[in-house]
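# Structural overview for review
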Amino acid sequence: MYIIKVKGIAKIPDYVQLRDEKFTLLAYFRVDRPDKSLEKLGFGDKLPYIMNIINDLPFGQVTKLDI
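Predicted model, so just to flag it, every value in this text is computed and none were measured.

## Quick word on unusual backbone geometry
Residues other than glycine seldom take positive phi values, yet A10 does so here, at roughly 50°. Here A10 lies in the loop between β1 (2–6) and β2 (15–19). Judged by its relative accessible area of 87%, A10 is exposed. A positive phi angle is found at F23, which is not glycine, with a value near 65°. Relative to the helices and strands, F23 is located in the loop between β2 and β3 (25–30). On the accessibility criterion, F23 (37% relative accessible area) is partly exposed.

Here is the structure:
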């Protein structure tokens, strides 16, 4: 799985994209509201781990996420 952090502009907030190995979009959520999207994918128990990666990730960089 891959994770991408997208910088928002003006009134548009920052977002995160989660993509699978074929780069199909799995989830698209605001950085400050990841709960429902991650729970829907079954990653609710890994929320702190994923959020640590998101917080340290620079905008626009694609990072492989091993869960």
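## Structural notes on the packing of aromatic side chains
Aromatic ring pairs are reported here in terms of the distance separating the ring centres and the angle at which the planes meet. Under the criterion given, the structure shown has two aromatic pairs. Ring geometry for Y15 and Y28: centres 4.6 Å apart, planes at 5°, overall stacked. Of the two residues, Y15 is situated in strand β2 and Y28 in strand β3; the sequence distance between them amounts to 13 residues. In this arrangement the basic side chain of K5 is found over the ring face of F59, its NZ or CZ atom lying 4.7 Å from the centre.

What counts and how
- Each chain has its residues counted from 1, following the order in which its sequence is written.
- Predicted model: local features are reported for residues with pLDDT of at least 70 only, side-chain atom pairs are reported and counted for 80 or more only, and whole-chain, interface and lining totals are derived from all residues.
- Calculated side-chain values reflect all of the structure's heavy atoms, with hydrogen atoms and water omitted.
- We count a stretch as a helix when DSSP gives it H or I for four or more residues in a row; a strand needs E for two or more, and each element gets its number in order from the N terminus.
- Relative accessibility under 20% of the residue-type maximum defines a buried residue, over 50% an exposed one, and the middle range a partly exposed one, all with a 1.4 Å probe and only protein chains included.
- Stacked, edge-to-face and tilted are the three classes for Phe, Tyr and Trp ring pairs, Trp counted by its six-membered ring, which pair at centre distances within 6.5 Å; planes under 30 degrees apart are stacked, over 60 edge-to-face, the rest tilted.
- We call a charge positioned over a ring when the NZ of a Lys or the CZ of an Arg lies within 6 Å of the ring centre and within 35 degrees of the ring normal.

Any functional reading would require information beyond the geometric quantities listed.
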